[in-house]
Amino acid sequence: QVQLVESGGGLVQAGGSLRLSCAASGSIFSINAMGWYRQAPGKQRELVATITSGGSTYVADSVKGRFTISRDNAKNTVYLQMNSLKPEDTAVYYCDEDLRRSVAHSYLHYWGQGTQVTVSS
């Protein structure tokens, strides 16, 4: 069984910073891409950033220059450093890891439970 546990969300004033973490645990053979999504009230879930196993990154235009994604392969953990936060960044943030449990398994997407980020103006 695989579990993704997120941490680091909270309430912050505009212009502040937060660092989200997402650690995968359980039976894990390898992890391909990792990413972060967010969903604001009344809106669809949107992609924020991704990072491949080789370290190549993608960051959405809406957060480019403010958010940075990174990973620690030894800890099966993906991070999202969020700086210069804006009220429109308020959302529930979800991590996603594309991993397989053994050489006999296929890659599947696993999701974290979500962590609330609230940015006050």
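Provided above is the structure to which this section pertains.
Bear in mind the structure is a predicted one, so any value in this text is a computation, not a measurement.

**Some details on the overall build of the protein**
Each helix and strand counted, the protein has zero helices and eleven strands in total. Listing each helix as α and each strand as β along the protein from the N terminus yields β-β-β-β-β-β-β-β-β-β-β. On C-alpha atoms alone, the protein measures out to a radius of gyration of 14 Å, which is about the 14 Å that the 2.2 N^0.38 rule sets for 121 residues. The 121 residues of the protein split such that 39% are buried. When the accessible area of the protein is evaluated, it comes to approximately 6,400 Å², of which 48% is carbon and sulfur surface. Here the protein holds 11 positive side-chain charges and 9 negative ones, and the gap between their average locations is 2 Å.

**Here's the deal with the nonpolar core**
Within the largest apolar cluster, 29 residues are counted, with the highest numbers of intra-cluster contacts made by Trp 36, Val 48, Phe 67, Val 78, Leu 80, Met 82 and Tyr 93. Looking at this core, the elements with two or more residues in it are strand S1 (2-7), strand S3 (18-26), strand S4 (30-39), strand S5 (46-51), strand S7 (67-72), strand S8 (77-82), strand S9 (91-100) and strand S11 (115-120). If sequence neighbours within four positions are ignored, Phe 67 has contacts with Arg 38, Val 48, Val 59, Leu 80, Gln 81, Met 82, Asn 83, Leu 85, Asp 89 and Tyr 93.

**Observations concerning the sheet that holds S7**
Across the sheet, four strands lie side by side as S1-S3-S8-S7; this open sheet has antiparallel pairing. Edge positions in the open sheet fall to S1 and S7, since each of these has one partner strand only. Taken over all neighbouring pairs, the strand axes of this sheet differ in orientation by 15° on average, direction set aside. Bridge analysis of S3 against S8 gives six bridges, and the strand direction is antiparallel. From the neighbouring strand, Cys 22 faces S8, where its bridge partner is Val 78.

**As for unusual backbone geometry**
Despite not being glycine, Asn 76 shows a phi value in the positive range, around 50°. Within the secondary structure, Asn 76 sits in the loop between S7 and S8. Phi at Ser 84 is positive, roughly 50°, even though this residue is not glycine. Looking at the element boundaries, Ser 84 is found in the loop between S8 and S9. Its relative accessible area of 42% is what places Ser 84 among the partly exposed residues.

**Some remarks on the state of the cysteines**
Applying the stated rule across the entire model yields one disulfide. In this model, Cys 22 is linked to Cys 95 through a disulfide, with the two sulfur atoms separated by 2.0 Å. Across the S-S bond linking Cys 22 and Cys 95, the dihedral sits near 50°, which makes this disulfide right-handed. Of this pair, Cys 22 sits in strand S3 while Cys 95 sits in strand S9, and the two are 73 residues apart along the sequence.

Reading guide: rules and limits
- Residues numbered from 1 in each chain as written.
- Predicted model: local features only at pLDDT ≥ 70, side-chain atom pairs only at ≥ 80, totals over all residues.
- Heavy atoms only, no water.
- Helix = DSSP H or I, 4+ residues; strand = E, 2+ residues; numbered from the N terminus.
- Rg over C-alpha atoms; globule rule 2.2 N^0.38 Å.
- Buried < 20%, exposed > 50% of the residue type's maximum accessible area, 1.4 Å probe, protein only.
- Areas by Shrake-Rupley, 256 points an atom, 1.4 Å probe, with all protein chains shown as cover.
- Lys, Arg positive; Asp, Glu negative; His and termini not counted.
- Charge placed at Lys NZ, Arg CZ, Asp CG, Glu CD.
- Core = buried A, V, L, I, M, F, W, Y, C linked by side-chain atoms within 4.5 Å.
- Contact = heavy atoms within 4.5 Å.
- Pairing = 2+ DSSP bridges.
- Axes fitted to C-alpha atoms, helices over the stretch in contact; angles between N-to-C directions.
- Disulfide = S-S within 2.5 Å.

Take it as geometry only, folks, not as evidence of what the structure does.
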